Structure formats: structure tokens, C-alpha cells
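Each chain is listed here by its residues.
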Amino acid sequence: MTFEDRLLAIQESVRAPQSICDSASRRGGVAVDQLDLDLPDGTPLLRGVTFSVDRGDALLIIGPSGSGKSTLLRAIAGIWPFGRGRIRLDKGQIAFVPQQPYLPLGTLAEVLLYP
């Protein structure tokens, strides 16, 4: 695939309807329920992820390189649209520190205007 073809494929997948449902949590913290995450081309990455973390608690996510840890955090942050499931977040600010700087999908203008 050429670079240009790949960019077009990513743009098309971003326009596709997504089914990750995010909502505010009433009890605080973060809750993930039956979350399936895919790569932009539709390749399955994670299946059936379910956990909850109460406000003030910590969660350690471990696994081999390429297993989807950073992608899971991107989905929780609302910047990974490829998948299905439910994510409930406490109202207010939630932060995480990624391993590498994040560059959102989209045109250069959209990236510069993010968020």
C-alpha cells in the first residue's frame, strides 16, 4: 500500500460509525465493560476488557509490547474510536501519561486544532 492509500484508509475508518459508548459514572472512577478494540483496518486487538477503578484507587496495566495497553488508554481518553463496548468515567478531569507523544488522526489542520 502506498502512503497516500494508507492515509485514505485511515480517513475512511474514522468516518465509519463507531460503537464505543462513553458516559459519566455516578459512583466515580473509571469503569470499562465488555470493551473490544480493533486496529484501524479492523484487525482485532483486545476482546472483552472489563474492569473498574474507584476514585482514588490505582490500576496497573501490564502486558507484552503490542498487546494494546496504550490503545486501551487512548480508548478511555476518547481518542481511539475503533471498537465496541462501554466506558464510564467520573465527571471531572482524568489524566494519563502515554509512553510516546500522541498525534491525533486527521488532517494537519485538525491535528493543529486538537482538541
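Fair warning: this is a prediction, and the values are worked out from it, not measured in the lab. (Residues numbered from 1 in each chain as written. Predicted model: local features only at pLDDT ≥ 70, side-chain atom pairs only at ≥ 80, totals over all residues. Heavy atoms only, no water.)

Here we come to the overall build of the protein chain. Secondary structure summary: the protein chain contains three helices and four strands in total. Mapped in sequence order, the helices and strands of the protein chain form the string α-β-β-β-α-β-α. Per-residue burial for the protein chain yields a buried fraction of 28% across its 115 residues. Surface exposure of the protein chain reaches about 8200 Å², of which carbon and sulfur atoms provide 57%. (Helix = DSSP H or I, 4+ residues; strand = E, 2+ residues; numbered from the N terminus. Buried < 20%, exposed > 50% of the residue type's maximum accessible area, 1.4 Å probe, protein only. Areas by Shrake-Rupley, 256 points an atom, 1.4 Å probe, with all protein chains shown as cover.)

Within the largest apolar cluster, 16 residues are counted, with the highest numbers of intra-cluster contacts made by Val-32, Leu-35, Leu-37, Leu-72, Ile-76 and Ile-87. Sorting the residues of this core by element identifies β2 (30-38), β3 (44-53), α2 (69-77) and β4 (83-90) as the ones contributing at least two each. Residues contacting Leu-35, with those up to four places away along its chain left out, are Ile-20, Leu-46, Arg-47, Gly-48, Val-49, Leu-72, Ala-75, Arg-84, Gly-85 and Ile-87. (Core = buried A, V, L, I, M, F, W, Y, C linked by side-chain atoms within 4.5 Å. Contact = heavy atoms within 4.5 Å.)

The side chains of a regular strand alternate, residue by residue, between the two faces of the sheet. In terms of burial, β2 is a largely internal element, seven of the nine residues being buried. Pairing analysis gives six bridges linking β2 to β3, with the strands arranged antiparallel. Directly across from Asp-38, in β3, lies its bridge partner Pro-44. Taking the residues between adjacent antiparallel strands as the criterion, β2 and β3 are bridged by five residues, where Gly-42 takes a positive phi near 95°. (Pairing = 2+ DSSP bridges.)

So, on to the side chain of Thr-71. Along the chain, Thr-71 turns up in helix α2. Those residues in contact with Thr-71, other than ones at most four positions away along the chain, are Leu-37, Leu-45 and Trp-80.

Despite not being glycine, Gln-34 has its phi angle at roughly 50°, a positive value. Mapped onto the elements of the fold, Gln-34 is located in strand β2.

Before going further, it helps to examine the environment of Ser-70. Mapped onto the elements, Ser-70 comes out in helix α2. The spatial distance from the C-alpha of Ser-70 to the C-alpha of Trp-80 is 10.0 Å, given a sequence separation of 10 residues.

To continue, consider the confidence of the model for the protein chain. With 79% of its residues at a pLDDT of 70 or more, the protein chain has an overall mean of 81. For the protein chain, per-element mean pLDDT is lowest for helix α1 (residues 3-15), which scores 70, and highest for β3, which scores 94. (pLDDT = per-residue confidence, 0-100.)

Using the criterion set out here, one finds three salt bridges in the structure. Residue Asp-38 is joined to Arg-47 by a salt bridge in which the shortest nitrogen-to-oxygen separation is 2.6 Å. A relative accessible area of 8% means that Asp-38 is categorised as buried. Its relative accessible area of 41% is what places Arg-47 among the partly exposed residues. Here the salt bridges share partners, and the residues they tie into one network are Asp-38, Arg-47 and Arg-84. (Salt bridge = Lys/Arg side-chain N within 4 Å of Asp/Glu carboxyl O.)

Turning our eyes to something else, we now look at the packing of aromatic side chains. A complete count under the given rule lists one aromatic pair for this structure. The interplanar angle of 75° and the centroid separation of 5.0 Å between the aromatic rings of Trp-80 and Phe-82 together place this pair among those described as edge-to-face. Exposure remark for Phe-82: the relative accessible area of 5% places this residue in the buried category. (Phe/Tyr/Trp six-rings, centres within 6.5 Å; stacked < 30°, edge-to-face > 60°.)

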